[in-house]
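Chain and residue survey
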Amino acid sequence: MERELLFLKPVCTHNIWGGTRLRTDFGYEVEGDDIGECWGISAHPNGDGEIRDGRLAGRKLSEVWEEYPELFGRLKYDRFPLLTKIIDARDDLSIQVHPDDAYAAEHENGSFGKTECWYVLDCPKDATLVIGHQAKDREELETMIREGRWNEFIREIPVSKGDFLQIDPGTVHAIKGGMLILETQQNSDITYRVYDYDRLSNGKPRELHVRQSIDVITVPAASPEQSVKKTGDVEPNRLQSLHSCEYYEVFKLVVQGKAQVVQCYPFLNLSVVEGRGQIDGRSLKKGDHLIVPNRYGSIELEGTMEIIASTVPVMV
Ligand code: ZN
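Conventions we followed
Residue positions are given per chain, counting from 1 as you read along its sequence in written order. Only residues with pLDDT of at least 70 are given local features in this predicted model, and only at 80 or more are side-chain atom pairs given and counted; all residues enter the totals for whole chains, interfaces and linings. Note: side-chain values were computed over all heavy atoms of the structure, leaving out hydrogens and water. Elements are defined by DSSP. Helices are runs of H or I of four residues or more, strands are runs of E of two residues or more, and each kind is numbered from the N terminus. In this description the radius of gyration comes from C-alpha coordinates, and the expected globular size is given by 2.2 Å times residues to the power 0.38. Here the term buried applies to any residue with accessible area under 20% of the maximum for its type, exposed to any over 50%, and partly exposed to those in between, with areas from a 1.4 Å probe on protein chains only. The contact criterion used throughout is that any non-hydrogen atoms of two residues lie within 4.5 Å. Each accessible area value is a Shrake-Rupley result obtained with a 1.4 Å probe; residue values ignore everything except the protein chains displayed when judging cover. It is the directions from the helix axis to the C-beta atoms that the arc portrays. To form a nonpolar core, buried Ala, Val, Leu, Ile, Met, Phe, Trp, Tyr and Cys residues must be joined to one another through side-chain atoms within 4.5 Å. Between any two strands, at least two bridges found by DSSP are needed for them to pair. Lines fitted to C-alpha atoms define the axes, with helix axes restricted to the stretch in contact, and inter-axis angles between N-to-C directions lie between 0 and 180 degrees. Here a donor is any nitrogen, oxygen or sulfur atom (N, O, S) within 2.8 Å of the metal, with 3.2 Å used for Na, K and Ca; water is not among the atoms considered, so some sites may look incomplete. Square planar and octahedral sites, with four and six donors, are those where opposite donors lie more than 155 degrees apart and all other angles lie between 65 and 115, tetrahedral sites have four donors with every angle between 85 and 135 degrees, and the rest are irregular. When two rings of Phe, Tyr or Trp (its six-membered ring) have centres within 6.5 Å they constitute a pair, described as stacked for plane angles under 30 degrees, edge-to-face for angles over 60, and tilted for the intermediate range. Throughout this description, the term salt bridge denotes a Lys or Arg side-chain nitrogen within 4 Å of a carboxyl oxygen of Asp or Glu. For this analysis, a polar contact is any N or O atom pair within 3.5 Å, provided that within protein one partner can donate a hydrogen and the other can accept it, and provided that sequence-adjacent residues contribute only side-chain to side-chain pairs. Cysteine sulfur atoms are paired as a disulfide whenever they come within 2.5 Å of each other.

1. Observations concerning the overall build of the protein
Looking only at helices and strands, the protein has seven helices and 22 strands in total. Relative to a compact globule of 316 residues, whose C-alpha radius of gyration would be 20 Å, the protein shows 19 Å and is just as compact. Across the 316 residues of the protein, 53% fall into the buried class. Across the protein, every contact between residues at least 6 apart in sequence was considered, and the portion connecting residues at least 24 apart equals 73%. Working note: accessible area of the protein is about 14000 Å², and carbon and sulfur atoms make up 46% of it.

Shown next as structure tokens:
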């Protein structure tokens, strides 16, 4: 089993702000014009991915995690720790913030907090994202939120294709319409909605979490320079680390011709975001998501592809 790649069947979701690119660009067979998210590598109960083929075909990732801990390096996490999504935002998403582990444990029935990061797959020219806010202290933060002074509060920063953004708990953030993003995150779904542009959903505004937001937002916010990293031209055929934190390490891999990557991590998630080719003789294309298990050894890739990969630090 150790030499078997775990390809996953993605789970797509319908969202009021979603679009059609997950079907038209990525080839996922989902109907509708409101496809917001593809949960490519997920063992979360709201979208537990199934193994596509091989000896574990049809099994849920959460079950494989439980029954075959050796495939993931026998880590001490009580559940599969990561979640990889592709997000197609036709419209603006609500402005949100996530709690850290301590706040979530206390206020959300022992759930994990949520640290996440974004890799911008595509966006319009002159695109912006909401990252951070303009309040200088907690008192001003509370006043701006309670009085709805959103134009003063919200900070938008310019982004372009290939940018990487780390979103620590407490960071105000929102994806804007027209963006296509790959998100790597802790396996958690706890989100506090700060502001929803006064939109109505089924005739009424969606719930806001004002108290929790004021509690968890970091003041002052990190600077725009600290928030966005340009990934630029990476050296091909080599895993290039984009960011590492206590929850994950995210890499970019551009395959041109042949590449050999040594899988020296507890496990390695791979999501193909551009192109096509092969992995150890099996076909691989844009939209594929897979896990390279523990002790797999050397991976041989071939073709013209762009891949975003992730793993977790080893807990001691
Ligand atoms: Zn978020």
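That was the structure; now back to the text.
2. Observations regarding helix α4 (residues 138-146)
Residues of α4 that are buried include every one of Leu141, Met144 and Ile145, and no others. Take α4 and look down its axis: the buried residues cluster within an arc of 95°, on one side only. Residues of α4 that are buried in the fold lie against β10 (128-133), α5 (150-153), β15 (192-195) and α6 (210-216). Where α4 terminates, the next one or two residues include Gly148, which has phi positive at roughly 65°.

3. Quick look at the nonpolar core
Core analysis: the largest hydrophobic core is formed by 38 residues, its most contacted members being Phe72, Phe80, Ile86 and Ile291. Elements with a contribution of two residues or more to this core: β1 (6-9), β3 (35-41), α2 (61-67), β7 (82-88), β9 (116-122) and β14 (180-186). Once residues within four sequence positions are removed from consideration, Phe80 is found in contact with Ile41, Ala43, Leu61, Trp65, Phe72, Asn187, Phe267, Asn269 and Ile291. Core analysis: the second largest hydrophobic core is formed by 21 residues, Leu268, Val292, Ile307 and Ala309 among them.

4. A few points about the sheet that holds strand β2 (residues 11-19)
In a beta sheet, neighbouring strands are held together by backbone hydrogen bonds and run either parallel or antiparallel to one another. Strand order in this open sheet of seven strands is β2-β3-β7-β14-β9-β12-β16, and the pairing throughout is antiparallel. Looking at the sheet topology across the chains shown, the edges are occupied by β2 and β16 (228-230). Direction aside, the axes of adjacent strands within the sheet are offset by 25° on average. With four bridges joining them, β9 and strand β12 (residues 163-167) adopt antiparallel strand pairing. Across the sheet, residue Glu116 finds its bridge partner in β12, namely Ile167.

5. Here we look at the coordination of the zinc ion
Each protein donor to the zinc ion is listed here as His98 (NE2), Glu116 (OE), Glu116 (OE) and His173 (NE2); together their distances run 2.0 to 2.5 Å. Relative to the metal, the four donor atoms surrounding the zinc ion lie at angles of 52 to 129°, and the coordination shape comes out irregular. Spacing between the donor residues of the zinc ion along their common chain follows H-x17-E-x56-H. Taken together, the residues His98 in the loop between β8 (95-97) and α3 (101-107) and His173 in strand β13 (residues 173-174) connect sequence positions 75 residues apart. The exposure class of His173 is buried, given its relative accessible area of 2%.

6. Remarks on the packing of aromatic side chains
Tallied over the entire structure, the rule returns 11 aromatic pairs. Relative to Tyr192, the ring of Tyr103 lies with its centre 6.1 Å away and its plane at 80°, an arrangement referred to as edge-to-face. Here Tyr192 lies in strand β15 and Tyr103 lies in helix α3, a separation of 89 residues in the sequence. Both residues of the pair, Tyr103 and Tyr192, count as buried.

7. Re the pattern of salt bridges
The final tally for this structure, using the stated rule, is 29 salt bridges. The salt bridge involving Arg282 is made with Asp53; its shortest N-O contact spans 2.8 Å. Taken as a pair, Arg282 in strand β20 (residues 282-285) and Asp53 in the loop between β6 (50-51) and α2 lie far apart in primary sequence, 229 residues in all. Salt-bridge contacts for Arg211 lead to Asp215; the nearest nitrogen and oxygen are separated by 3.2 Å. Within this pair, Arg211 and its partner Asp215 are both found in helix α6, separated by four residues, close to a single helical turn. We classify Asp215 as partly exposed; its relative accessible area is 35%. A cluster of three or more residues bridged by salt bridges with shared partners is formed by Arg52, Asp53, Arg282, Lys285 and Asp288.

8. Brief notes about the side chain of Asp196
Note that Asp196 resides in the loop between β15 and α6. Only 3.0 Å separates the side chain of Asp196 from the side chain of Arg206, close enough to count as a polar contact. Beyond its immediate sequence surroundings of up to four residues, Asp196 is in contact with Ser94, Arg206 and Leu208.

9. Quick notes on the state of the cysteines
A covalent bond bridging the sulfur atoms of two cysteines is what the word disulfide describes. Overall, the coordinates contain zero disulfides when judged by the stated rule. Between Cys12, a cysteine without a disulfide, and Cys38, which holds the nearest cysteine sulfur, the sulfur-to-sulfur distance is 4.5 Å. Of the cysteine sulfurs around Cys123, a residue in no disulfide, the closest is that of Cys117, at 17 Å.

10. Description of the side chain of His289
Along the chain, His289 turns up in strand β21 (residues 289-292). Excluding anything up to four places from it in sequence, His289 contacts Leu6, Phe7, Leu8, Pro10, Tyr28, Cys38, Gly40, Ile41, Ile86, Leu270 and Ser271.

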